[in-house]
Amino acid sequence: MSHFSTTQYDSFSGAYDSVNDLPITRAIVPNVERLVAPYIKGARVLELACGTGSFTRHLLDWGASSIVCVDVSQSMIQGAQSELEHYSQHKGKYRFMVADCATPFTVTGGEDGTTSQEGQFDLVFAAWLLNYAPDLPTMTEMFKNIARHLAPGGRFITVLPHPEEDPKVCIDHVNAQYEQGYGYRVDVREGLPGAYKGYLVELHFDTDPPVEFGNYYLSMRVHEQAARDGGLTGKLAWEEIRVPEEEEVLNRYMKEPIPKGYLDEWLKYPDFGILVVEKE
Ligand SMILES: C[S@@+](CC[C@H](N)C(=O)[O-])C[C@H]1O[C@@H](n2cnc3c(N)ncnc32)[C@H](O)[C@@H]1O
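Let me sum up the structure you'll find in this document.

Conventions and cut-offs
- Residues numbered from 1 in each chain as written.
- Predicted model: local features only at pLDDT ≥ 70, side-chain atom pairs only at ≥ 80, totals over all residues.
- Heavy atoms only, no water.
- Helix = DSSP H or I, 4+ residues; strand = E, 2+ residues; numbered from the N terminus.
- Rg over C-alpha atoms; globule rule 2.2 N^0.38 Å.
- Buried < 20%, exposed > 50% of the residue type's maximum accessible area, 1.4 Å probe, protein only.
- Areas by Shrake-Rupley, 256 points an atom, 1.4 Å probe, with all protein chains shown as cover.
- Lys, Arg positive; Asp, Glu negative; His and termini not counted.
- Charge placed at Lys NZ, Arg CZ, Asp CG, Glu CD.
- Axes fitted to C-alpha atoms, helices over the stretch in contact; angles between N-to-C directions.
- Parallel < 35°, antiparallel > 145°, perpendicular 65-115°, else oblique.
- Left-handed = near helix turned anticlockwise from the far one by under 90°.
- Contact = heavy atoms within 4.5 Å.
- Pairing = 2+ DSSP bridges.
- Right-handed = clockwise from strand over helix to strand, strands pointing away.
- Near = heavy atom within 4 Å.
- Polar contact = N/O pair within 3.5 Å; in protein donor to acceptor, adjacent residues only side chain to side chain.
- Nonpolar A, V, L, I, M, F, W, Y, C, P; charged D, E, K, R; others polar.

1. Brief notes about the overall build of the protein chain
- Helices and strands together make up the secondary structure of the protein chain, namely ten helices and twelve strands.
- The C-alpha radius of gyration computed for the protein chain amounts to 18 Å, which stays within 12% of the reference 19 Å derived for 280 residues, consistent with globular compactness.
- Along the three orthogonal principal directions, the C-alpha set of the protein chain runs to about 55 × 45 × 35 Å.
- Buried positions account for 54% of the 280 residues belonging to the protein chain.
- Element-wise, carbon and sulfur atoms account for 50% of the exposed surface of the protein chain, whose accessible area totals about 12,300 Å².
- Taking the average place of the 24 positive charges on the side chains of the protein chain and the average place of its 41 negative ones, the gap between the two points comes to 5 Å.

2. Notes on the packing of helix H3 (residues 28-36) against helix H4 (residues 54-61)
- At their nearest, the axes of H3 and H4 sit 11 Å apart, and the two run at 40° to each other. Judged by the angle between their axes, H3 and H4 are oblique. Pair H3 / H4 crosses with right-handed handedness. Where H3 approaches H4, its residues Ile-28, Val-29, Val-32 and Val-36 are matched on the opposing element by Phe-55, His-58 and Leu-59.

3. Comments concerning the pairing of strand E2 (residues 66-71)
- Across the six residues that make up E2, a large majority, five, are buried.
- Relative to E2, strand E1 (residues 44-48) runs parallel, the two sharing five bridges. Bridging across to E2, Leu-48 finds its partner in Val-70.
- The parallel pair E1 and E2 is bridged by H4, and the resulting crossover is right-handed.
- Relative to strand E3 (residues 94-98), E2 runs parallel, the two sharing five bridges. Across the sheet, the residue bridging to Ile-67 is Tyr-94, located in E3.

4. So, H3
- By the criterion of burial, H3 is predominantly enclosed, with seven of the nine residues buried.
- Regarding H3, the residues found buried are Ile-28, Val-29, Pro-30, Asn-31, Val-32, Leu-35 and Val-36.
- Those residues of H3 hidden inside the fold are in contact with helix H2 (23-26), H4, strand E6 (121-127), strand E7 (150-161), strand E11 (236-239) and strand E12 (272-278).

5. Notes on the environment of Gly-214
- On the secondary structure map, Gly-214 appears in strand E10 (residues 211-218).
- Note: C-alpha distance between Gly-214 and Arg-95 (119 residues apart in sequence) is 27 Å.
- Filtering out sequence-adjacent residues up to four positions away, Gly-214 remains in contact with Phe-4, Gln-8, Tyr-132, Val-201 and Glu-202.

6. Considering the site of the ligand
- Lining the immediate surroundings of the ligand are 19 residues, of which Ala-49, Asp-71, Asp-100, Cys-101 and Ala-127 lie closest.
- In the model, an oxygen atom of the ligand is placed 3.2 Å from a nitrogen or oxygen of the Ser-54 side chain.
- In the environment of the ligand, a nitrogen atom lies 2.9 Å from a nitrogen or oxygen atom belonging to the backbone of Ala-127.
- Calculation on the ligand without its partners gives an accessible area of 600 Å², and the protein chains cover 98% of this total.
- Counted by class, the shell around the ligand contains 13 nonpolar, four polar and two charged residues.

7. Brief notes about unusual backbone geometry
- Of note, the amide linkage connecting Asp-208 to Pro-209 takes the cis form, showing an omega dihedral of 0°.
- By the secondary structure assignment, Pro-209 is in the loop between strand E9 (198-205) and E10.
- In this structure, Ala-49 takes a positive phi of about 55° despite not being glycine.
- Phi angles above zero are rare outside glycine, and Trp-128 is one such case at about 65°.
- With respect to the element layout, Trp-128 can be found in the loop between E6 and helix H6 (136-149).

Right, dumping it as structure tokens:
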């Protein structure tokens with residue numbers, strides 16, 4: 001049972017990009033670039049929870065041959081469509097679909113739009129999807145959708161809160177960093193039942209305009225179990241988060257250049273993690 005409307009983003013899709021403009025959010029991009037680099041050239045990509053398309057454009061820039069973008073919010077997808085229209089070089093390579101990734105869905109393709117594309121994607125990418133699952137069964141449903149759409153040997157790469165056995169450790173670090181001015185805080189609304197620690201939370205961003213939304217911080221063990229139960233039985237890795245050493249490379253993805261050393265404190269405990277799971 002979800003505590004939120006699945007379309008909570010409909011009301012603030014226009015403001016969401018202010019979240020993506022925070023330096024610590026932008027620091028996700030070079031990490032994703034490094035981890036997709038070996039697989040992205042010519043890849044058929046399925047992007048889940050695409051939101052306003054901030055990663056969609058990058059995935060195409062980095063060499064994806066095509067991308068199908070899924071989100072539960074029609075208005076986030078509208079934002080993504082208008083964003084992508086600025087990049088004429090990618091015309092014809094992307095399309096959008098409204099679907100809830102926590103219930104079974106099938107991406108279709110072909111001339112008539114009825115041919116199933118299950119088992120046809122080389123890469124499934126999702127930034128901030130799994131943290132909309134309130135429990136193991138729901139996250140397992142998400143993984144089932146991912147596993148069904150991946151080709152054998154394909155992989156799922158996902159951005160999510162910094163992995164912990166008890167996510168309260170992550171929440172406490174984020175709130176300490178909020179005091180240092182990194183941009184958002186996490187309020188715990190309730191502890192969730194279950195064998196592993198998990199929390200219903202609200203995120204508050206000090207952006208202009210301010211943005212608030214709710215989701216769930218579940219144990220890293222729930223993610224591992226859901227991946228396996230959902231059918232992704234290949235190699236599973238929690239990846240290291242880094243910051244490019246050269247200022248020029250780092251600032252390439254910032255909205256405005258950040259001062260040298262700005263991310264040093266944050267890098268002691270990055271607020272996000274990246275999980276990569278292969279399909280055998
Ligand atoms: C924090 S935003 C991230 C958007 C984008 N990936 C990014 O990094 O900019 C989370 C997105 O997940 C979408 N979302 C939440 N629950 C979902 C679900 N069950 N199925 C599909 N999309 C979902 C929301 O509509 C929203 O666009």
